[in-house]
Amino acid sequence: MAERIDGHTLLIGLMAYPIRHSMSPTMHNNAFAKLGLNYAYLAFEVDNNNLADAVLSIKALDMRGSNVSMPNKQKIIPYLDRLDSAAEMCGAVNTVVNDNGVLTGYTTDGIGFVKALKNEGIDVSGKKMVITGAGGAGTPIAVQSALDGAAEIKIFNQEDDIYPVAQHNAQMITERTNSTASVHHLEDKDDFKEALAGCDIYCDATNVGMGKLKDKTLVSDPSWFHKDMVVLDTVYSPRETKLMQVAQEAGVNHVFNGLEMMLEQGAAAFKLWTDEEMPVDYIRNLLF
Ligand code: NAD
C-alpha cells in the first residue's frame, strides 16, 4: 500500500453505518493494486446525521466518488446533482461518481445481477422472471432486468412494509419500460407455484436463506421447479443455500448463489470510477 499512495492518489469512499465488516475496501484496493491504478478506497462510518457533510466532502476533497450503503441509499439522493435512469427508478443509489464537481448517483446491484447471468450465457432479454423480495436488492434487480428487456416480471412479496414498494415498482416498470411487471402475495402459494412453473428465471432477493433464516427456503418442494429454468439466490453466505439445494434436487440446470452478482456490482462501480475493468477472476481467487 505505502508504495502505491502518493500526492496524486484519488480517494474513493464507502459511506454507511455499520460498515467495518465490509469486504469492499479489500476488493477495490486489491483491484487498484493489481492494475497499478492510483486510487485508494476507504470506509467511513456515515449515517443520516453526517451524510450531508460527508457528501460535501466528496466535492471539497475532489474525491473520485463513493459507494453508499444503508442507511444512506435513499437519503443521499437530494444531495446529488444527477441520477442515472436505474437509480432514479429505484429511488436508491449505491455508487456516486464525481466528474469535476458534478455528483451522479448510480445503482449497480441490478447491473451485477444481469452481468452475473450473462457470464453464464444467460440473457434476461425476452425472459419471464419471478422475483421474491422488493427491498434493496429486489428493486434494482427488477428495474435493471426490465431496462435490459425482460418480457415479464412477477414480484412476490410477503405482506409487510415493502409490499407497497413492490406495487410501486411494478407499476413504474410497466409504464416506463417494455416489460410487464406485476406484484403478488407471497402467501398465495398456488399463484407462486404457477408463476414458477411458467418462468425462465427465478431470483430470490429476500433475507430467507441467511443469518437466522439460514435453514429456511421459500420453495421447499422440488416439484415447483423445472429443469430448464435458472434459479439464483442473492445470498452468498452460506455459499449453498437451502433454496439452491431444493433446486439442485429438482435437477435445475442453472443454480447460482449471489457471489458473482456481488463481485459484478463492485466491478460495475469500479468501471464507473476508473473506466477500467475490474480483474474479477483475480479478486474472486484472492478473497472468496
Ligand atoms: P431488504 O431488507 O431491503 O429487503 C428484504 C426483502 O426480504 C423484503 O422484500 C422482505 O419482504 C423480504 N423478506 C424478509 N424476510 C422474509 C421472510 N421471512 N419471508 C419472505 N420474505 C422476507 O434487504 P435487501 O438489502 O434487499 O437484501 C435482501 C437479500 O439480498 C439478502 O439476502 C442480501 O444478502 C441479498 N443481497 C445480495 C446482494 C449481492 O450482491 N449478491 C446485494 C444486496 C443484497
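Model, not experiment: these values are computed from the prediction.

Attention now goes to the overall build of the chain. Summing up its helical and strand segments, the chain has 10 helices and 12 strands in all. Relative to its length of 288 residues, the chain is compact, with a C-alpha radius of gyration of 19 Å against a globular reference of 19 Å. If you line up the chain on its principal axes, its C-alpha atoms span 60 × 40 × 35 Å. Here the chain holds 288 residues, and the buried ones make up 50% of them. Of the contacts made within the chain by residues no fewer than 6 positions apart, 70% connect residues no fewer than 24 positions apart.

To continue, consider the layout of surface pockets. Estimates place the volume of the largest pocket at around 1,500 Å³. Around the largest pocket sit 48 residues that line it, and Lys 73, Ala 137, Asn 207, Met 210 and Tyr 236 are the ones nearest its centre. At the level of secondary structure, the elements contributing two or more residues to the lining of the largest pocket comprise β1 (10-16), α1 (24-35), β3 (65-68) and α9 (259-274). Per element, the largest residue contribution to the lining of the largest pocket is 3 residues, and it comes from α9. Looking at the lining of the largest pocket residue by residue, the classes come out as 24 nonpolar, 18 polar and 6 charged.

Once that is clear, we can look at the pattern of salt bridges. If you walk through the whole model with that rule in mind, you get 10 salt bridges. The salt bridge involving Lys 59 is made with Asp 81; its shortest N-O contact spans 3.2 Å. One end of the pair, Lys 59, is in helix α2 (residues 51-60); the other, Asp 81, is in the loop between β3 and β4 (82-83), with 22 residues separating them in the sequence. A salt bridge links Lys 73 to Asp 109, with the nearest nitrogen and oxygen atoms 3.5 Å apart. Here the residue Lys 73 occupies a position in the loop between β3 and β4, and Asp 109 occupies one in helix α4 (residues 109-119), the gap between them amounting to 36 residues.

Let us look at the nonpolar core. Phe 113, Leu 117, Met 129, Ile 131, Ile 153 and Ile 201 are the most contacted members of the largest nonpolar core, which totals 32 residues. Elements with a contribution of two residues or more to this core: α3 (85-90), α4, β7 (128-132), α5 (138-147), β8 (152-157), α6 (163-176), β10 (201-204) and β11 (230-233). Ranked by size, the runner-up nonpolar core spans 23 residues in total, among them Met 27, Leu 37, Met 262 and Trp 273.

The next point concerns the sheet that holds β4. Reading across from one edge, β2-β1-β3-β5-β6-β4 is the order of the 6 strands in this open sheet, with mixed pairing throughout. Every other strand in the sheet has two partners, leaving β2 (39-45) and β4 as the edge strands with one partner each. Of the pairings in the sheet, the one linking β1 to β2 comprises 7 bridges and is parallel in character. Across the sheet, residue Ala 16 finds its bridge partner in β2, namely Glu 45. Sitting on the sheet, α9 is in contact with β1, β2, β3, β5 (95-99) and β6 (102-106), with an inclination near 5° to β5.

Next up on the list: the site of the ligand. Taken together, 23 residues sit near the ligand, with Gly 136, Ala 137, Asn 157, Asp 160 and Gly 258 positioned nearest. With respect to the ligand, the backbone of Ala 137 contributes an N or O atom lying 2.7 Å from an oxygen atom. Gln 158 has a polar side-chain atom sitting 3.1 Å from a nitrogen atom of the ligand. When the free accessible area of the ligand is taken as 850 Å², the share hidden by the protein chains comes to 76%. Judged by the fraction of its atoms near the pocket grid, the ligand is located in the largest pocket. Taken together, the residues of the shell around the ligand break down into 13 nonpolar, 9 polar and 1 charged.

Now for the pairing of β8. The two faces of the sheet receive side chains in turn, since in a regular strand these alternate between them. In terms of strand pairing, β7 meets β8 through 5 bridges, oriented parallel. Each residue of the ladder has a partner; that of Met 129, found in β8, is Ile 153. A crossover links β7 with its parallel partner β8, the connecting element being α5, and its sense is right-handed. Sheet topology note: the β8/strand β9 (residues 180-185) ladder contains 6 bridges and is parallel. Across the sheet, the residue bridging to Asn 157 is His 185, located in β9.

Analysis parameters
- Residues numbered from 1 in each chain as written.
- Predicted model: local features only at pLDDT ≥ 70, side-chain atom pairs only at ≥ 80, totals over all residues.
- Heavy atoms only, no water.
- Helix = DSSP H or I, 4+ residues; strand = E, 2+ residues; numbered from the N terminus.
- Rg over C-alpha atoms; globule rule 2.2 N^0.38 Å.
- Buried < 20%, exposed > 50% of the residue type's maximum accessible area, 1.4 Å probe, protein only.
- Contact = heavy atoms within 4.5 Å.
- 1 Å grid on protein atoms, 1.4 Å probe; cavity = no way out; pocket = protein on both sides within 12 Å on 5 of 7 lines; lining within 4 Å.
- Points joined across faces, edges and corners; volume = space filled by probe spheres on them.
- Nonpolar A, V, L, I, M, F, W, Y, C, P; charged D, E, K, R; others polar.
- Salt bridge = Lys/Arg side-chain N within 4 Å of Asp/Glu carboxyl O.
- Core = buried A, V, L, I, M, F, W, Y, C linked by side-chain atoms within 4.5 Å.
- Pairing = 2+ DSSP bridges.
- Axes fitted to C-alpha atoms, helices over the stretch in contact; angles between N-to-C directions.
- Near = heavy atom within 4 Å.
- Polar contact = N/O pair within 3.5 Å; in protein donor to acceptor, adjacent residues only side chain to side chain.
- Areas by Shrake-Rupley, 256 points an atom, 1.4 Å probe, with all protein chains shown as cover.
- Sits in = over half its atoms within 2 Å of the grid points.
- Right-handed = clockwise from strand over helix to strand, strands pointing away.

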